[in-house]
Amino acid sequence: MLEKKMSCKHLEGISAVLDKNEYYQKFKAYRDKVLALGNDSLEKTIAVAVSLCLVCAVLVSFAAVALKPLQINNKELDMKRNILDVAGLLEEDTDINTAFAEKIEAKIVDLETGDYVENIDANEYDQRKAAKDPAQSIAIPKDKDIAHIRVKAKYAKVFLVKEGSSIKSIILPVNGYGLWSTMYGFLSLDADGQTVQSINFYDQAETPGLGGEVVNPNWRALWKGKKVYADTETGEPALSLIKGVVDNTKPGSQYQVDGLAGATLTSTGVTNLVRYWMSSEGFASYLKKVREVKS
Ligand SMILES: Cc1cc2nc3c(=O)[nH]c(=O)nc-3n(C[C@H](O)[C@H](O)[C@H](O)COP(=O)(O)O)c2cc1C
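Bear in mind the structure is a predicted one, so any value in this text is a computation, not a measurement. Counting starts from 1 at the beginning of each chain's written sequence and moves along it residue by residue. With the structure being a predicted model, the display of local features is reserved for residues of pLDDT at least 70 and the display and counting of side-chain atom pairs for 80 or more, all residues being used for whole-chain, interface and lining totals.

1. So, the overall build of the protein
And then number 1: Starting at the N terminus, helices and strands are each numbered in turn, a helix being any DSSP run of H or I of at least four residues and a strand any DSSP run of E of at least two. For the protein, the helix and strand inventory stands at 8 helices and 9 strands.
And then number 2: Computed over the C-alpha atoms, the radius of gyration of the protein is 28 Å, more than 25% above the 19 Å expected from 2.2 N^0.38 for a compact globule of 295 residues.
And then number 3: Exposure classes come from backbone-placed C-beta atoms, where a residue is buried if 20 or more other C-beta atoms lie within 10 Å of its own, exposed if 12 or fewer do, and partly exposed in between. Counting the 295 residues in the protein, one finds 26% classified as buried.
And then number 4: By the convention adopted here, residues make contact when the C-beta atoms placed from their backbones lie within 7 Å. A separation of at least 24 residues holds for 52% of the contacts in the protein among residues at least 6 apart in sequence. Here the globule rule reads 2.2 Å times residues to the power 0.38, and the radius of gyration is calculated from C-alpha atoms.

And the structure:
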């Protein structure tokens, strides 16, 4: 009741101020003139259409500005969910923010040296944005650009899953062209920097049911335990998607994953992006250093 009285008082105050305003008076006079016109008058039709557009524009702008923080928050939450998922830490009832804060540590890696970069705040760094900034990115020579991405950020943002002070797994961002789209995802490896835990594509636009099967949990499960390098010393990736089903009894099958049925081009894209990011162009130097520290 008290609130109602106060808001009425406020409205009275606003209307008193408006009544003294010259432009408001002009607006009111014009409004009354337009309202007095017949419904088939051209001026009234235009005035009503323009007013409606103005009201809608104000509402849409307000919604866009007011919802922006919510959108940013949801985007961040979604990224954390993807990282927890590829780390094998996502259950139905997982509290995303708490689990991420407790179990995951973001680090920045200089792709050329394989060293951690300590003077950049990993929580603020956006690798995808950096790749689009000429000052923070490197053009990839055509003969080395097997993932067809043209540029890469100098620094990559990796995520470590820690158990006490030791690293349990390493989550690496990867991207590369499929058939229709650049696919963005994460590849998680055991602390040996060699054995695959999981792969997860969080942004891609391949055809649902064909190349879009890169998000199928059954196909993703085939990656567990596969090896990236035949020889970790050379840092030359051996992992690839093959046409058909992998015969796990055959030698070399540890470097093979089933290709996606009816989607050879997307499958080739996945092979290429994994090979690119696991090569010396990507994380090979970093993974070598992780192995050296561990041994
Ligand atoms: C509408 C349409 C969508 C397709 N989408 C994909 C796709 O997302 N990824 C892909 O590799 N192939 C896609 N293909 C199939 C390719 O054109 C090509 O035929 C296929 O990659 C060959 O794979 P296969 O040798 O396994 O049949 C699509 C084909 C059509 C007609």
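2. Quick look at the pairing of strand E5 (residues 166–177)
And then number 1: In terms of burial, E5 is a largely internal element, 9 of the 12 residues being buried.
And then number 2: Here 5 bridges tie strand E4 (residues 155–163) to E5, and the two strands are oriented antiparallel to one another. Its bridge partner being in E5, Lys-162 is matched across the sheet by Ile-167.
And then number 3: Between the end of E4 and the start of E5, which pair antiparallel, lie 2 residues, with Gly-164 showing a positive phi angle near 65 degrees.
And then number 4: Here a strand pair is declared whenever DSSP counts at least two bridges between the two strands. By the bridge criterion, 9 bridges tie E5 to strand E6 (residues 182–190) in an arrangement that is antiparallel. Within the sheet, the bridge partner assigned to Ile-170 lies in E6 and is Leu-189.
And then number 5: Connecting E5 to the next strand, E6, in antiparallel fashion are 4 residues.

3. Looking at the site of the ligand
And then number 1: What surrounds the ligand is the set Leu-179, Trp-180, Glu-206, Thr-207, Leu-210, Gly-211, Gly-262, Ala-263, Thr-264, Leu-265 and Thr-266.
And then number 2: Among the residues forming the shell around the ligand, the class breakdown is 5 nonpolar, 5 polar and 1 charged. Placing the C-beta atom from the backbone, one calls a residue near a molecule or strand if that atom lies within 6 Å of it. Three classes are used: nonpolar for Ala, Val, Leu, Ile, Met, Phe, Trp, Tyr, Cys and Pro, charged for Asp, Glu, Lys and Arg, and polar for all others, with Gly counted as polar.

4. Concerning helix H3 (residues 42–86)
And then number 1: One less than the number of residues in a helix, times 1.5 Å, gives the span that helix is expected to have. Helix length check: H3, at 45 residues, gives a terminal C-alpha distance of 61 Å against a target of 66 Å (1.5 Å per residue), a fit within 8%.
And then number 2: Where H3 bends most, at Lys-68, the angle is about 45 degrees, and the proline Pro-69 comes one to four residues later.
And then number 3: Counting buried residues along H3, only 3 of its 45 residues qualify, which leaves the element largely exposed.
And then number 4: All buried positions along H3 are accounted for by Ile-83, Leu-84 and Val-86.
And then number 5: Looking one or two residues past H3, Gly-88 carries a phi angle of roughly 75 degrees, positive in sign. The bend reported for a residue corresponds to the angle between axes fitted to the seven residues ending at that residue and the seven starting there.

5. Brief notes about the sheet that holds E6
And then number 1: Read from one edge to the other, the open sheet built from 5 strands follows the order E1-E4-E5-E6-E7, with strand pairing classed as antiparallel. The open sheet has two edge strands with one neighbour each: strand E1 (104–110) and strand E7 (196–203). Ignoring strand direction, the axes of neighbouring strands in this sheet form an average angle of 25 degrees.
And then number 2: Where E6 meets E7, 6 bridges bridge the pair, whose relative direction is antiparallel. The partner of Leu-189 across the bridge, within E7, is Val-196.
And then number 3: Contacting E1, E4, E5, E6 and E7, H3 crosses the sheet at an angle of about 155 degrees to E7. Axis angles are defined between N-to-C directions and span 0 to 180 degrees, where every axis is a line fitted to C-alpha atoms and, for a helix, only to the segment in contact.

6. A word on unusual backbone geometry
And then number 1: Of note in this structure, His-148 is not a glycine but carries a positive phi near 55 degrees.
And then number 2: Mapping His-148 onto the fold places it in the loop between strand E2 (137–139) and strand E3 (151–153).
And then number 3: Accessibility expressed as a C-beta count within 10 Å gives 16 for His-148, which makes it partly exposed.
And then number 4: Despite not being glycine, Arg-150 shows a phi value in the positive range, around 65 degrees.
And then number 5: Counting through the fold element by element, Arg-150 comes out in the loop between E2 and E3.

7. A look at the domain arrangement of the protein
And then number 1: One can read the domain layout of the protein as domain 1 (2–67) and domain 2 (104–294).
And then number 2: Each domain's extent was defined by an automatic or database domain assignment. Taken over C-alpha atoms, the centre of domain 1 sits 56 Å from the centre of domain 2.

8. Overview of the nonpolar core
And then number 1: Ranked by size, the top nonpolar core spans 47 residues in total, and within it Ile-83, Ile-171, Leu-172, Leu-187, Leu-273, Val-274 and Trp-277 carry the most contacts.
And then number 2: Those elements that place two or more of their residues in this core are H3, E1, E4, E5, E6, E7, helix H7 (264–278) and helix H8 (284–294).
And then number 3: Apart from the residues within four sequence positions on either side, Leu-172 is in contact with Val-158, Phe-186, Leu-187, Leu-189, Trp-277 and Phe-283. Structurally, a nonpolar core is described as a collection of buried Ala, Val, Leu, Ile, Met, Phe, Trp, Tyr and Cys residues joined by way of C-beta atoms within 7 Å.

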